[in-house]
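# Fold and geometry: a report
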Amino acid sequence: MTSATTYPQLTGEYTLDAAHSRIGFVARHAMVTKVRGSFNEFTGTATIDGDAPEKSSAQVTIQAHSIDTRNADRDGHLKSNDFLSMDEYPQITFTSTEIKQTGETSFEVTGDLTIKDVTRSVTIPFEFEGSAKDPFGNDRIGFEGSTTISRKDYGITWNAALETGGVLVSDKVTLEFEISAIKNA
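I will try to describe carefully the structure that is included in this document. A quick note: this is a predicted structure, and the numbers were derived from the prediction, not measured.

Rules behind the numbers
- Residues numbered from 1 in each chain as written.
- Predicted model: local features only at pLDDT ≥ 70, side-chain atom pairs only at ≥ 80, totals over all residues.
- Heavy atoms only, no water.
- Salt bridge = Lys/Arg side-chain N within 4 Å of Asp/Glu carboxyl O.
- Helix = DSSP H or I, 4+ residues; strand = E, 2+ residues; numbered from the N terminus.
- Buried < 20%, exposed > 50% of the residue type's maximum accessible area, 1.4 Å probe, protein only.
- Pairing = 2+ DSSP bridges.
- Core = buried A, V, L, I, M, F, W, Y, C linked by side-chain atoms within 4.5 Å.
- Contact = heavy atoms within 4.5 Å.

What follows deals with the pattern of salt bridges. Oppositely charged side chains can pair when the atoms bearing their charge come close. This structure, assessed with the given rule, holds six salt bridges. Notably, a salt bridge pairs arginine 22 with glutamate 176, separated by 2.8 Å at the nearest N-O pair. You can see arginine 22 sitting in strand S2 (residues 22–29) and its partner glutamate 176 sitting in strand S11 (residues 169–183), a full 154 residues away along the chain. Assessed through its relative accessible area of 17%, glutamate 176 is described here as buried. Here aspartate 139 ties to lysine 133 by a salt bridge, and the two come within 3.1 Å at their closest N and O atoms. Look at lysine 133 and you get exposed, because its relative accessible area is 57%. Where salt bridges share partners, they join Arg22, Arg36, Glu176 and Glu178 into one cluster.

Here is the structure:
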């Protein structure tokens, strides 16, 4: 574990390592179970200021067509105009607007999340998982976090009523981030 006193050595520009990161989501289905999925194509960068974490920043661009719930029919529906309208809105973006250190290894990253041309501010609590030099000589850092959004806030309102009451897909969706980033040379 990296202590707060070593944050200054982390200062620099980083590129998200998509092969060792996951951007996922969880939604309730039919009120009784959860569907988990992820986006398989995304890019991102971060600027870390270890002396003044509040001066750090991050941005991520997700390709909507890369949604993967391990079910082709469901993925097709999620890509359609009922949900992500990926032909019209091919990217989901997040750009930080504020970063606050809330504990020795915890941070709140607030930023603009844009889905289907709707931009709303969200705050994602992150835990710093540490830093390491990998076998290839890369300086690597890791963060994990999650937050819950309302899909209706982004104009994603499709649903179906259940005979037993309730709806097929929950409004609340939990976004999950497991991020590994490599310091730029």
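Attention now moves to the pairing of strand S9 (residues 118–133). Looking along a regular strand, one sees the side chains alternate between the two faces of the sheet. In this structure, strand S8 (residues 106–115) lies alongside S9, joined through ten bridges in antiparallel fashion. Bridge pairing in S9 links threonine 114 to threonine 119. Taken together, S8 and the strand that follows it, S9, pair antiparallel across an intervening segment of two residues, in which lysine 116 is found at a positive phi of about 55 degrees. Pairing of S9 with strand S10 (residues 139–150), which is carried by seven bridges, proceeds in the antiparallel orientation. For serine 131, the partnering residue across the bridge sits in S10 and is isoleucine 141. Hairpin connection from S9 to S10: five residues lie between these consecutive antiparallel strands, with glycine 137 at a positive phi of about 85 degrees.

Turning next to the nonpolar core. If you look at the biggest cluster of nonpolar residues, it comprises 40 residues, and the most contacted ones within it are Ile23, Phe39, Leu84, Leu113, Ile115, Ile141 and Ile149. Ranked by the residues each element gives to this core, the list is headed by S11, at six residues. When near neighbours in sequence (up to four residues on either side) are disregarded, phenylalanine 39 contacts Ile23, Phe25, Ile62, Gln63, Ala64, Ser66, Ile67, Leu84 and Ile92.

As a further point, take the pairing of S10. The sheet contact formed by S10 and S11 spans eleven bridges and is antiparallel. Each residue of the ladder has a partner; that of glutamate 144, found in S11, is glutamate 178.

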